[in-house]
Amino acid sequence: MLLRRIIWVVARGRSPLCDSATVIYPTRQLKCAGCGMVNPSLQSPHSSSSRTFSGLSTTRCGLIYRKMSENGAVPRRGKVLTLDTMNASVKKVEYAVRGPIVQRAVQIEKELKEGVKKPFDEVIKANIGDAHAMGQRPITFFRQVLALCTYPELLDDNTFPEDTKNRARRILQACGGNSIGAYSASQGIECIRQDVARYIERRDGGIPSDPDNIYLSTGASDGIVTILKLLVAGEGRTRTGVMISIPQYPLYSAALAELGAVQINYYLNEEKCWSLDISELKRAVEAARQHCNPRVLCIINPGNPTGQVQSRQCIEDVIRFAAKEGLFLMADEVYQDNVYAEGCQFHSFKKVLFEMGPEYSSTVELASFHSTSKCYMGECGFRGGYMEVINMDPDVKAQLTKLVSVRLCPPVPGQALMDLVVNPPQPGEPSYATFIKERTATLRALAEKAKMTEEILNTVPGISCNPVQGAMYSFPRISLPERAVQEAKAKGVAPDMFYCMKLLEETGICLVPGSGFGQKDGTFHFRMTILPSADKLKVLLNKVKEFHQRFTQQYS
Amino acid sequence: MSFLREISPMVRSIHLPGQEVLMSRAARIRTELRQGIKKDFMELIDLSSSDIHSRGIKPISFLRQVMAACCYPSLLHSDRIPADARERARSLLTDSNGGSIGSYPPTGGMAKVRRSVSDFITRRDGGVPSIPEHIFLTTGSQQALTIFLKLLVSGEGPLRTGVLVPVPSYSTFSMALANQGGVMVPYYLCEEQGWALEMEELQRALQAARGHCNPMALYVINPGNPSGLVQSRKSIEEVIRFAAQERLFLLVDEVYQETIHGEDTEFVSYKRVLFEMGSPYSSTVELASFHSVSKGTFGEYGMRGGYVELVNLDPKVMEHALTFFNRDGSGTVMGQIALDILADPPQLGDPSYPLYSQEVQSIKNTLLSNVRRVHSVLNGVPGMSCQPIRGGLYAFVQLHLPQRVIEQAKEAGVEPDMMYCQRLLNEAGLCVVPGCECGQREGSYHIRFCIGVQEEIMEEVLQRLKSFHSHFMREFS
């Protein structure tokens with residue numbers, strides 16, 4: 001039923017705030033097919049509502065009539081907002097990255113603090129891509145400029161390098177009243193959008209980028225959810241289907257559940273280093289056409305949680321596929337600087353698209369996402385991000401602009417940080433040397449940890465780990481003894497959840513089970529970040545190794 | 001080319017605020033002025049939003065010092081930052097994962113900040129207890145409101161969730177409600193009584209709504225936006241009784257609680273009144289109260305820091321609310337730092353106290369003086385009337401427009417007050433919001449503008465408004 005969702009009930013006066021509102025006038029009485037009650041105050045906004053109403057069960061009709069008659073001083077019974085009255089689609093929303101394992105980890109930390117004895121001294125959270133929490137240092141230049149932007153009195157302090165001051169002045173000039181506490185345009189501060197566009201041009205070898213196509217966001221997730229929200233339409237067989245990789249990052253499945261979109265799974269090929277096979281995309285889209293309208297294809301490159309980096313050839317194939325099938329491409333590229341494996345390189349979807357020539361570059365619709373939270377910055381707490389939209393229909397783009405204005409502006413400190421990321425110190429500037437040193441050290445350490453993770457995990461019988469080519473996670477496959485699988489099933493939990501929970505209780509290591517990301521039936525995995533310091537990571541990996549051996553013995 | 005055109009009908013149905021249209025026109029005028037194009041005014045003054053920093057009101061130093069030290073911890077050893085600000089920054093950094101404000105805050109927000117907010121609420125409410133675990137820090141209060149709308153809105157046809165919304169209010173809320181597909185049930189504040197919230201009107205609105213939708217929540221804004229109303233304790237009690245009796249979830253927007261104008265007005269929180277009413281109200285009425293660092297004397301809009309405190313929420317629903325607070329992140333750390341200072345400002349005896357209290361007092365004095373000037377000047381202008389502004393950051397002024405204006409506007413296909421605002425912008429360089437954007441009784445017309453500006457700018461605004469108005473009225477009489 002696609003009636004306008006905002007309906008005004010106006011008895012007098014006119015509909016303020018909303019010109020497009022539907023105003024309801026009394027038309028006729030309605031009789032409930034279920035209980036036969038006639039309610040004189042019931043009015044029909046349009047003809048189909050009587051159908052809807054008579055389709056209700058008698059109990060539900062009874063419920064609203066009872067509610068209507070409760071006008072006297074009847075004391076309240078129970079709550080207004082309960083699981084029964086709550087928006088049902090909310091119940092389907094899950095978020096594994098901070099699911100039950102993490103909640104238990106928080107509890108264990110508390111117990112440790114209270115002096116409860118455990119076989120370990122601390123909880124190691126390798127569940128979430130939060131680099132600073134794991135001890136990574138922020139980039140000095142970024143933080144100096146942010147300090148100057150928040151407290152501009154320091155602009156005369158000679159301990160700050162000159163380039164940090166210039167940068168801070170430039171950002172402040174773009175802010176209302178020269179304050180980063182001022183409201184910005186919903187799409188983001190204009191000069192920052194220009195800097196983002198120039199960054200994209202540099203990254204993509206000169207392919208032009210239009211600042212009007214850039215939307216700053218509250219981290220990448222805000223952008224991703226906004227685009228999904230915009231694209232989900234239709235009912236039944238015409239309902240929008242969105243293709244997501246399995247394993248996937250649970251932000252996608254959670255957003256699709258909330259929006260009531262159809263999730264279309266395509267499986268990455270674990271045997272081929274989590275690569276993306278076009279034949280699998282075809283299979284998935286064809287199967288989905290039977291029951292929904294596939295309109296969107298989401299790609300995470302470098303992959304989360306799988307760590308693969310797509311080849312140029314693969315990206316071309318995906319673009320051709322999207323063009324042929326008429327799919328809107330969403331490219332989650334937040335790990336674009338996190339590429340470690342030899343022979344691997346990050347190619348942006350935009351660059352490949354434009355290099356494929358006008359046949360594609362003028363037709364394929366693309367939104368690509370970036371953020372300040374990952375790469376060498378790891379600044380999750382600032383919630384900075386942007387998206388670039390390509391080839392979007394102008395009318396749809398106007399709707400997008402409207403949609404972002406509902407959530408007001410992205411946090412301005414996050415916008416400022418995004419600006420510094422896309423416009424870092426240049427050769428010859430005082431901060432350049434330190435910046436390069438810090439960035440290189442962070443990326444090098446990540447590369448070493450990626451290698452170490454793969455190597456140690458692959459020494460464990462029953463664990464096999466693909467190379468961590470990029471991003472921040474390993475996603476090894478674990479074989480679990482049949483008895484463990486049975487016991488987990490008896491307990492009503494996924495076998496890898498059972499495994500991870502036991503690992504947490506025995507070692508204090510917090511990982512996310514593969515079932516939270518999706519995996520082929522009968523296979524089990526976990527996601528582990530490569531973010532702890534090298535020493536800590538080594539200890540952690542060896543503990544996982546010991547645990548896995550113990551677990552396998554115990555259940556075989 | 002076959003670009004995708006079919007998009008979410010809910011998104012399409014969101015009405016683009018006229019405020020945005022005016023603001024983009026204002027941006028063009030600014031550019032023209034910069035290019036040297038001659039106008040009847042030297043400078044454009046934009047009073048359309050409540051963003052006080054953009055109009056030159058300075059941020060609170062203590063707040064910015066703490067933030068700067070958190071961003072760049074080398075400042076913890078700098079004498080450019082007062083000792084108490086450094087101390088505060090240190091404790092906030094200790095509470096951050098990995099000692100960096102670049103890490104994700106935990107679900108619900110930083111533990112230290114939730115405790116500060118909880119203590120603040122307890123103090124504010126004369127000792128009524130507040131539980132830190134029931135406080136959630138978010139990316140501005142609007143995000144918290146949106147999460148609650150997500151939880152509340154469901155059903156189809158006559159079972160669709162309805163929310164009672166005051167008229168006048170502001171367009172962002174109605175857009176958020178439309179975005180969730182909720183039914184807006186307007187209740188009209190009584191302008192003649194200083195925008196009072198009257199119980200008969202709530203009753204009427206509710207009765208009219210039942211049958212079309214399932215009214216589940218009552219949204220109140222206190223102090224009012226844009227009405228400037230500050231509810232009395234008695235009025236709040238009545239609303240709570242009404243919500244209890246009619247089984248409505250109370251969504252209470254209290255973001256203007258710091259801006260109360262004059263000694264004779266007092267802000268009392270809904271939560272306090274609820275608890276002081278005792279059982280069964282205090283143990284049953286479900287309430288979500290919202291606050292933010294964007295308004296008040298802080299005006300840190302760009303930081304996006306807000307919180308919601310939940311009272312009597314069903315624990316099972318709380319679990320699902322948590323999923324959203326998880327997924328949508330628990331706000332930005334900078335916003336949370338600002339909240340910490342809002343909740344726990346420097347105290348008498350602290351090194352930063354004198355400057356802090358002077359800064360806050362100066363903003364309050366500015367606001368009070370502006371409120372008085374607006375009231376006395378505009379009530380003397382023929383064709384304008386303005387109710388007392390007891391709280392908040394807006395004046396909402398009624399325009400008594402001649403019939404010819406209304407007819408001409410109708411011909412042009414715009415609302416009469418929108419036409420007035422367009423002309424005010426083009427001819428006098430003042431950007432204000434028409435009443436049709438906020439909602440108003442049929443046949444009444446208003447303008448809304450922010451009173452958070454320096455006194456001399458407010459004087460300039462009033463002069464321009466007065467002279468434009470008399471010119472406009474002459475033209476149409």
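This one's a predicted model, so the numbers in the text were calculated from it and none came from an experiment. (Residues numbered from 1 in each chain as written. Chains lettered and ligands numbered in written order. Predicted model: local features only at pLDDT ≥ 70, side-chain atom pairs only at ≥ 80, totals over all residues. Heavy atoms only, no water.)

### Here we look at the environment of Thr 284 of chain B
Residue and element names in this part refer to chain B. On the secondary structure map, Thr 284 appears in helix α11 (residues 281-284). A C-alpha to C-alpha distance of 8.8 Å links Thr 284 and Val 311, two positions 27 residues apart in sequence. Within the local environment of Thr 284, its side chain forms a polar contact with the backbone oxygen of Pro 280, the two atoms lying 2.6 Å apart. (Helix = DSSP H or I, 4+ residues; strand = E, 2+ residues; numbered from the N terminus. Polar contact = N/O pair within 3.5 Å; in protein donor to acceptor, adjacent residues only side chain to side chain.)

### Things to note about the sheet that holds strand β11 (residues 366-371) of chain A
Residues and elements named next belong to chain A. With respect to topology, seven strands assemble into an open sheet ordered β6-β12-β11-β10-β9-β7-β8, the strand pairing being mixed. The open sheet terminates on both sides in strands that have one partner only, identified here as β6 (214-218) and β8 (262-267). On average, each strand axis in the sheet is inclined to that of its neighbour by 25°, with strand direction left out of account. Sheet analysis places strand β10 (residues 328-332) next to β11, joined by four bridges and oriented parallel. Opposite Asp 332, over in β11, you have Phe 369 as the bridge partner. Contacts between helix α15 (residues 412-422) and the sheet are confined to β6, β11 and β12 (384-390), with β12 contributing the most and set at about 70° to the helix. (Pairing = 2+ DSSP bridges. Axes fitted to C-alpha atoms, helices over the stretch in contact; angles between N-to-C directions. Contact = heavy atoms within 4.5 Å.)

### A short note on the packing of aromatic side chains
Taken as a whole and judged by the stated rule, the model has 24 aromatic pairs over all chains. Relative to Phe 517 of chain A, the ring of Phe 475 of chain A has its centre 5.6 Å away and its plane inclined at 85°; by these criteria the two rings are edge-to-face. Remark: Phe 517 of chain A occurs in the loop between β17 (512-513) and β18 (524-529) and Phe 475 of chain A occurs in the loop between β14 (473-474) and β15 (477-478); sequence separation between them is 42 residues. We classify Phe 517 of chain A as buried; its relative accessible area is 1%. Judged by centre distance (3.8 Å) and plane angle (5°), the ring pair of Phe 173 of chain B and Tyr 219 of chain B falls under stacked. (Phe/Tyr/Trp six-rings, centres within 6.5 Å; stacked < 30°, edge-to-face > 60°. Buried < 20%, exposed > 50% of the residue type's maximum accessible area, 1.4 Å probe, protein only.)

### Brief notes about the domain arrangement of chain A
Residues and elements named next belong to chain A. In terms of domain boundaries, chain A breaks down into domain 1 (2-70), domain 2 (96-135 + 436-555), domain 3 (138-182) and domain 4 (187-422). For domain 2 versus domain 4, the separation of C-alpha centres amounts to 28 Å. With 31 residues of domain 2 at the interface, the matching set in domain 4 holds 32 residues. Both sides of the domain 2 and domain 4 interface together cover about 2,500 Å² of buried area, and 58% of this is carbon and sulfur. (Domains from an automatic or database assignment. Buried area = accessible area lost by both parts, 1.4 Å probe.)

### A closer look at helix α10 (residues 270-277) of chain B
Among all positions of α10 of chain B, only Tyr 270, Lys 271, Val 273, Leu 274 and Met 277 of chain B are buried. All buried residues of α10 of chain B lie within an arc of 165° about the axis, which places them on one face of the element. (Arc of directions from axis to C-beta.)

### Let's talk about the pattern of salt bridges
For the structure on display, the rule yields 50 salt bridges over all chains. Among the salt bridges present, the one from Glu 258 of chain A reaches Lys 150 of chain B, with a minimum N-O distance of 3.2 Å. Taken together, the positions of Glu 258 of chain A in helix α9 (residues 250-259) and Lys 150 of chain B in helix α6 (residues 141-152) put the pair across two chains. Each member of the pair Glu 258 of chain A and Lys 150 of chain B is classed as buried. Here Glu 455 of chain A makes a salt bridge to Lys 451 of chain A, at a shortest N to O gap of 3.9 Å. Of this pair, Glu 455 of chain A and Lys 451 of chain A both sit in helix α16 (residues 432-457), four residues apart, which is roughly one turn of the helix. Look at Lys 451 of chain A and you get partly exposed, because its relative accessible area is 49%. In the salt-bridge network here, residues are joined through shared partners; they are Arg 312, Glu 316, Asp 317, Arg 320, Lys 351 and Glu 355 of chain A. (Salt bridge = Lys/Arg side-chain N within 4 Å of Asp/Glu carboxyl O.)

### Comments concerning the packing of helix α14 (residues 353-378) of chain B against helix α17 (residues 455-476) of chain B
Residue and element names in this part refer to chain B. Interaxial distance between α14 and α17 falls to 10 Å at its minimum, and their mutual angle equals 15°. Accordingly, the angle class assigned to the pair α14 and α17 is roughly parallel. The handedness of the crossing between α14 and α17 is right-handed. Taking contact as the criterion, the partners of Asn 365, Thr 366, Ser 369, Asn 370, Arg 373, Val 374, Val 377 and Leu 378 in α14 are, on α17, Glu 455, Met 458, Glu 459, Leu 462, Leu 465 and Lys 466. Broken down by class, the residue content of the contact of α14 with α17 amounts to six nonpolar, four polar and four charged. (Parallel < 35°, antiparallel > 145°, perpendicular 65-115°, else oblique. Left-handed = near helix turned anticlockwise from the far one by under 90°. Nonpolar A, V, L, I, M, F, W, Y, C, P; charged D, E, K, R; others polar.)

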